Amino acid sequence: MKLNTEFMREVFISSLGGVPPTLKLTFITLLVSLPIAFLMAQSRAEKRNISGKIITAYVSVIRGTPVVLQILFLYSLLPSFLNYFIKSVLHLDFNIFKVNPVLYAFIVFILNNTAVLSEVFRSSLMTVNHGQMEAALSIGLSKRQAYVRIIIPQTLVAALPNICNSTVSLLKSTSLAFMMSVQDITAIAKVRAANGYNYIEAYLVIAVIYIIVCTSVQILFNIIEARLSSYKKLISN
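Conventions used here
Residues numbered from 1 in each chain as written. Predicted model: local features only at pLDDT ≥ 70, side-chain atom pairs only at ≥ 80, totals over all residues. Heavy atoms only, no water. Salt bridge = Lys/Arg side-chain N within 4 Å of Asp/Glu carboxyl O. Helix = DSSP H or I, 4+ residues; strand = E, 2+ residues; numbered from the N terminus. Buried < 20%, exposed > 50% of the residue type's maximum accessible area, 1.4 Å probe, protein only. Contact = heavy atoms within 4.5 Å. Axes fitted to C-alpha atoms, helices over the stretch in contact; angles between N-to-C directions. Parallel < 35°, antiparallel > 145°, perpendicular 65-115°, else oblique. Left-handed = near helix turned anticlockwise from the far one by under 90°. Nonpolar A, V, L, I, M, F, W, Y, C, P; charged D, E, K, R; others polar. Patch = residues over 30% accessible without salt bridge, like charges linked within 9 Å, V, L, I, M, F, W, Y side chains within 5 Å. Areas by Shrake-Rupley, 256 points an atom, 1.4 Å probe, with all protein chains shown as cover. Expected span 1.5 Å × (residues − 1). Bend = angle between axes of the 7 residues up to and from the residue. Disulfide = S-S within 2.5 Å.

**A look at the pattern of salt bridges**
This model, assessed by the stated rule, comprises 5 salt bridges. Here R192 ties to E10 by a salt bridge, and the two come within 3.4 Å at their closest N and O atoms. Of this pair, R192 sits in helix α8 (residues 185-196) while E10 sits in helix α1 (residues 5-15); the two residues are 182 residues apart in sequence, bridging distant segments of the chain. Taking the shortest distance from any N to any O, the salt bridge between R44 and E119 comes out at 2.3 Å. Separated by 75 residues along the polypeptide, R44 in helix α2 (residues 19-45) and E119 in helix α5 (residues 101-125) bring together distant segments of the chain. Both residues of the pair, R44 and E119, belong to the buried class. One salt-bridge network, in which partners are shared between bridges, spans R44, R63, E119 and R122.

And the structure:
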């Protein structure tokens, strides 16, 4: 079998156009899900009965179902239901099928990543000695001040390696965005491959691009972790 290297070069250049949408989908998802996930983890760590049970059920459902199934439900089934509800129940003249598919992609990945990061933060919160909160309150700090100045910095340091792993997993999961008609790396390469059935070459190109992008993200997190190493030494002493 001989690979079409000229086609691979052309697809590589074309697929690079899908890198910005992929990174945008990844990092906006991360920015939205991080604070929500921390609040969810805080609620579970403080053993709040009702909200804690709801969050636990949510995390179990999201982590217990494949991302592909979540995409099929939110992108294929939910719009049909919403269309019926809007037209037949609310009697509104709004076409739900004209909604930008990128919105569905954001919803799917935010829901999924929030559940994953909530577990990351929950385990990281458990590494912070509860006595530090009591000490902060005893010297006159409010609970919010104690979290902002003491608890959250330590939690982020402990959670950073797992946040890196979650981000890389999220980045790879965004390759499924082509199922929602999002023109990401995978979608562009698959369209180009369909013309001459050069799928093997296209898949190799996709793999190379994702390896480069994921490695770059890991290097970025390594730099951040190195910057925080002085803080790690400070809190360990």
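**Points about α8**
Taken as a whole, α8 has its buried residues at I185, T186, A187, I188, A189 and A193. In this fold, the buried residues of α8 make contact with α1, α2 and α9 (199-227). Y197 sits one or two positions beyond α8 and adopts a positive phi of about 55°.

**Describing the packing of α1 against α9**
Look at α1 against α9: their axes get within 9 Å of each other, and the N-to-C directions meet at 45°. Taken together, α1 and α9 sit at an angle that is classed as oblique. The two elements α1 and α9 cross, and the hand of that crossing is right-handed. Listed contacts from α9 to F7, M8, V11, F12 and S15 of α1 are E201, A202, L204, V205, V208, I209 and I212. The residue makeup of the contact of α1 with α9, split by class, is 10 nonpolar, 1 polar and 1 charged.

**Re a nonpolar patch on the surface**
A grouping of F81, Y84, F85, V89, L90, L92 and F94 is seen on the molecular surface, where their side chains present a nonpolar patch of about 690 Å² in accessible area. Summarising the element assignment, V89 is placed in helix α4 (residues 67-89). The class of V89 is partly exposed, set by a relative accessible area of 43%.

**Examining helix α7 (residues 143-173)**
Side chains of residues three or four places apart in an α-helix project in the same direction, reflecting 3.6 residues per turn. The end-to-end C-alpha distance of α7, which contains 31 residues, comes to just 37 Å, noticeably less than the 45 Å that a straight helix rising 1.5 Å per residue would cover. Largest kink in α7: about 50°, centred on L160, with the proline P161 one to four residues after it.

**Details of the side chain of T167**
If you trace the backbone, T167 turns up in helix α7. Sequence-distant contacts of T167, that is, excluding residues within four places in its chain, are made with T26, L30, V217 and F221.

**Description of the packing of helix α6 (residues 130-138) against α7**
How two helices sit against one another is set out by the angle between their axes and by the gap between those axes. Across the interface, α6 lies against α7 with an axial gap of 9 Å and an inter-helix angle of 145°. Where α6 crosses over α7, the two elements pack in a sense that is right-handed. Only K143, A146, Y147, I150, I151 and Q154 of α7 make contact with α6, whose side of the interface consists of Q132, M133, A136 and L137. In the contact of α6 with α7, the residues fall into 7 nonpolar, 2 polar and 1 charged.

**Topic: the environment of G17**
Within the secondary structure, G17 sits in the loop between α1 and α2. Taking the C-alpha atoms as reference, G17 lies 8.9 Å from Q183; in sequence the two are 166 residues apart.

**Re the state of the cysteines**
Scanning all chains against the criterion turns up 0 disulfides. C164 carries a free sulfur, and the closest cysteine sulfur to it, the one in C214, is 9.7 Å from it. Judged by relative accessible area, which is 7%, C214 ranks as buried.

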